[in-house]
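# A closer look at the structure
Residue-level listing of the chains:
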Amino acid sequence: MQKENQPYKIQPADRLANVSEYYFSRKLKEVAKMNAEGKDVISLGIGSPDMPPSEETIRVLCEQAQRPDTHGYQPTVGIPELRQAMADWYKRWYGVELDPATEIQPLIGSKEGILHVTLALVNPGDQVLVPNPGYPTYTSLNRILGSEIVNYNLREDRNWEPDFEELEAMDLSRVKIMWTNYPNMPTGANATLGLYERLVDFARRHQLVIVNDNPYSFILNRKPISILNVPGAKECCIEFNSMSKSHNMPGWRVGMLATNATFVQWILKVKSNIDSGTFRPLQLAAAQAYRNTPEWHEEANFNVYSRRRKLAEEIMRTLGCTFNPEQVGMFLWGRIPDSYNDVEELTEKVLHRARVFITPGFIFGSNGKRYIRISLCAKEEKLAEALQRIRDMEG
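## As for the packing of aromatic side chains
Taken as a whole and assessed by the stated rule, the structure comprises 17 aromatic pairs. Measuring from ring centre to ring centre gives 5.3 Å for Trp160 and Tyr371, while their planes differ by 75°; the resulting arrangement is edge-to-face. Pair noted here: Trp160 is in the loop between strand S4 (148-153) and helix H6 (164-168) and Tyr371 is in strand S11 (residues 371-375), with a separation of 211 residues, a long-range link. A relative accessible area of 6% means that Tyr371 is categorised as buried. Their ring planes at 40° and their centres at 5.4 Å tell us that Phe263 and Trp266 sit as a pair that is tilted. On the criterion of helical spacing, the pair formed by Phe263 and Trp266 is a turn pair, its members being 3 residues apart in helix H10 (residues 261-271). Taken together, Trp89, Tyr90, Trp93, Tyr94, Phe218 and Tyr290 form an aromatic cluster joined through their ring pairs. If you follow Arg222 out to its NZ or CZ, it ends over the ring of Phe302, 3.6 Å from the centre.

Right under this line is the structure:
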């Protein structure tokens, strides 16, 4: 007997109503369509390093991948060689002592860390402090997980640092985590020990956890520091660090977090139920990358980006934007002229008339709505061509 066909109806989980597709995922589809039409868009949007890792890093990966005994499952905690390399790197560059066995957890990048830390520390309905402007994933993942987002302001007149008087006036009784990101993305504001000391004091007095995302401390910055440089910070802080930016390894998906042993064990409870350990040859290659010489870092993270930065600054000036020349990191953040009604009026004009994609600051929060961000992850010749196209557009 043939049954009458019934329409198949299923709805997504309610949590998806509070998030949208990641801006770059959506916008890069438009850029790809323009390229398919032969429009040759120069992308200065996303921060994906376009240079390779060190030769030694690639050599170790290739050698280890050819071994017959390196292809099995790996421990979620990461192999000892990688954890030791991470601890050595923190000691060498930041002067921070970490126990490689208990105070480090390798990650498949910082996005994964945001997920796991939130699951480990925050109950649905708890509050989290999220910077405005800030990395959009702090907001989107916490919304997906049922956290209540409480924005705190970062403003140019305060050098994009938190307003602690404003924070102290809030009801913080339900706040579990404060997300911070210094050196800051998108604004390029550098980290200072004084800021880190105030954050640690704030966390201890209000019984919350500071999670500092620290992937940019090597880019255009000769004095990298860590929030864990502050005495007692390990008790109340978690720091993410990523190899994507500082070691030119965005597609490798290797990062880490550093904190006290208790927090590591809580996070591991979550992580071990979600994923398995990273490919062993990749972990060994990452351990090698952590041994890159100061000369490698000087060339890859300072000299190359300095040359690119000069071109990005010229683009900003051509567009009539203002910016702080003391910024660090792999982006340039600038305020748009008052003559524009909103930032997309500028970015869409640049995209469709000059065929250059730059990022509108509103995607990072309402305090970014009068700003643009230019990525330095493009060859000098591409930046120079983008500059010329924009000059022609403005001419």
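## Some details on helix H1 (residues 23-36)
An α-helical turn contains 3.6 residues, so any two residues separated by three or four positions project in the same direction. Between its first and last C-alpha atoms H1 spans 20 Å; for 14 residues at 1.5 Å apiece the expected length is 20 Å, and the two agree. Within the span of H1, buried status applies to Tyr23, Phe24, Lys27, Val31 and Met34. All buried residues of H1 fall inside an arc of 80° around its axis, so they share one side. Turned more than 90 degrees off the buried face of H1, the exposed positions are Lys29, Lys33 and Ala36. As for H1, its buried residues are in contact with helix H13 (343-354), strand S10 (356-360) and S11.

## What about the nonpolar core?
If you look at the biggest cluster of nonpolar residues, it comprises 123 residues, and the most contacted ones within it are Leu44, Val117, Trp179, Ile238 and Leu319. Those residues in contact with Ile238 that lie beyond four places of it in its chain are Val117, Leu121, Val209, Ile210, Val211, Asn212, Leu257, Ala258, Thr259, Phe263 and Ile267.

## Structural notes on the sheet that holds S4
With mixed pairing, the 7 strands of this open sheet are ordered in space as S2-S8-S7-S6-S5-S3-S4. Every interior strand has two partners, whereas the edge strands, strand S2 (104-107) and S4, have only one. Geometrically, the sheet is characterised by an average inter-axis angle of 25° between neighbouring strands, direction not taken into account. The pairing of strand S5 (residues 175-180) with strand S6 (residues 209-213) spans 4 bridges and is parallel. Note that in S6 the partner of Thr180 across the bridge is Asn212. The sheet strands contacting helix H3 (residues 80-94) are S2, strand S7 (237-242) and strand S8 (255-258), and the helix crosses S2 at an angle near 110°. Relative to S2, H10 is tilted by about 30°, and along the sheet it contacts S2, S6, S7 and S8.

## Re the pairing of S6
Among the 5 residues that make up S6, 5 are buried, leaving the element largely enclosed by the rest of the structure. Of the two faces of S6, both are covered, the one formed by Val209, Val211 and Asp213 as well as the one formed by Ile210 and Asn212. Following the chain from S5 across helix H7 (residues 193-206) to the adjacent parallel S6, one finds a crossover that is right-handed. Pairing geometry for S6 and S7, over 4 bridges, is parallel. Bridge pairing in S7 links Asn212 to Glu239.

Conventions used here
Residues numbered from 1 in each chain as written. Predicted model: local features only at pLDDT ≥ 70, side-chain atom pairs only at ≥ 80, totals over all residues. Heavy atoms only, no water. Phe/Tyr/Trp six-rings, centres within 6.5 Å; stacked < 30°, edge-to-face > 60°. Helix = DSSP H or I, 4+ residues; strand = E, 2+ residues; numbered from the N terminus. Buried < 20%, exposed > 50% of the residue type's maximum accessible area, 1.4 Å probe, protein only. Lys NZ or Arg CZ within 6 Å of the ring centre and 35° of its normal. Expected span 1.5 Å × (residues − 1). Arc of directions from axis to C-beta. Contact = heavy atoms within 4.5 Å. Core = buried A, V, L, I, M, F, W, Y, C linked by side-chain atoms within 4.5 Å. Pairing = 2+ DSSP bridges. Axes fitted to C-alpha atoms, helices over the stretch in contact; angles between N-to-C directions. Right-handed = clockwise from strand over helix to strand, strands pointing away.

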